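So you can see what is in the structure, the chains are spelled out below.
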Amino acid sequence: MLPCQGTCPHYHAGCHKSCEAWKLLQERQRVQRQQKKAYLDYYNDLCLTMTRQFRSLSPCRVLR
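This write-up is about the structure you can find in this document. (Residues numbered from 1 in each chain as written. Predicted model: local features only at pLDDT ≥ 70, side-chain atom pairs only at ≥ 80, totals over all residues. Heavy atoms only, no water.)

Quick word on the packing of aromatic side chains
For the structure on display, the rule yields two aromatic pairs. Ring centres of Tyr-39 and Tyr-43 lie 4.8 Å apart, and the angle between their planes is 55 degrees; this geometry places the pair in the tilted category. In this pair, Tyr-39 and Tyr-43 both sit in helix α1 (residues 20-57), four residues apart, roughly one turn of the helix. Of the residues examined, Tyr-39 reaches a relative accessible area of 51% and is grouped as exposed. Ring geometry for Tyr-42 against Tyr-43: centres 4.8 Å apart, planes inclined by 85 degrees, an arrangement best described as edge-to-face. Three or more aromatic residues link up through ring pairs in this structure, and these residues are Tyr-39, Tyr-42 and Tyr-43. (Phe/Tyr/Trp six-rings, centres within 6.5 Å; stacked < 30°, edge-to-face > 60°. Helix = DSSP H or I, 4+ residues; strand = E, 2+ residues; numbered from the N terminus. Buried < 20%, exposed > 50% of the residue type's maximum accessible area, 1.4 Å probe, protein only.)

Below, the structure is given as structure tokens:
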């Protein structure tokens, strides 16, 4: 179900393929997904770096 189906007065079957409002919504969501991905990539890299640094500072265990 399309999100605009219940609220758009101009809705008819298949109209989302040529609707400017739908294209604008899709573009905003694409930009938002890119921003979220960049945010998660940045903090994932930061956490991995901190984990690597903490492990290098910790004493090594000797396994027997």
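Structure shown, so let's carry the discussion forward.
Quick notes on the pattern of salt bridges
Using the criterion set out here, one finds two salt bridges in the structure. Here Glu-27 makes a salt bridge to Arg-30, at a shortest N to O gap of 2.5 Å. Here Glu-27 pairs with Arg-30, and both are found in helix α1, just three residues apart, close to one helical turn. Since its relative accessible area comes to 35%, Glu-27 is described here as partly exposed. The class for Arg-30 is partly exposed, based on a relative accessible area of 34%. (Salt bridge = Lys/Arg side-chain N within 4 Å of Asp/Glu carboxyl O.)

The analysis is restricted to geometry; functional conclusions fall outside its scope.
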